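Commentary on secondary and tertiary structure
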Amino acid sequence: QVQLVESGGGLVQAGGSLRLSCAASGRTPGYNTMAWFRRAPGKEREFVAAISRPTPTTNYANSVKGRFTISRAANTVTLQMNDLNPEDAAVYYCAIKSGPPAWNSGLYNYWGQGTQVTVSS
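Since the model is a prediction, treat every value here as computed from it, not as a measurement.

Thresholds, definitions, all that
- Residues numbered from 1 in each chain as written.
- Predicted model: local features only at pLDDT ≥ 70, side-chain atom pairs only at ≥ 80, totals over all residues.
- Heavy atoms only, no water.
- Helix = DSSP H or I, 4+ residues; strand = E, 2+ residues; numbered from the N terminus.
- Buried < 20%, exposed > 50% of the residue type's maximum accessible area, 1.4 Å probe, protein only.
- Polar contact = N/O pair within 3.5 Å; in protein donor to acceptor, adjacent residues only side chain to side chain.
- Contact = heavy atoms within 4.5 Å.

Quick word on the side chain of Thr 28
Along the polypeptide, Thr 28 turns up in the loop between β3 (18-26) and β4 (33-39). By relative accessible area, Thr 28 is classed as buried at 5%. Side chain to side chain, Thr 28 and Asn 75 meet in a polar contact 3.2 Å long. For Thr 28, the contacting residues outside a window of four places in its chain are Val 2 and Asn 75.

Take a look at the structure:
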């Protein structure tokens, strides 16, 4: 079992920044990819960014490239979000899987409870 706990969500004005963190605990060896997904009201969950190890490989959704940065230190993954806009408002979920990064949420083995990001215009 793996537990994922997110933190760092909140309310920010458009153009502002937030940093999300996700700490993994439990039987994490072998789950080498950590990722962020998000779900906005009335929309399906979508891939945001992922990072894998041992060679740090990152993947980003086109909508966040150049604004979001994913990083990882041990079993904690961080998503630095800059230049936020109202379209970024959603519940953000951390997820973990074995193998390389994937955009398909169904391939991830464990999920966090989510953290709300609200962006005011």
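Having put the structure on the table, let's press on.
Here we look at the environment of Val 91
Mapped onto the secondary structure, Val 91 falls in strand β9 (residues 90-97). Between the C-alpha atoms of Val 91 and Arg 45, which are 46 residues apart in sequence, the distance is 9.1 Å. Non-local contacts of Val 91, meaning those with residues more than four positions away in its chain, are made with Phe 37, Arg 38, Arg 39, Gly 114, Thr 115 and Gln 116.

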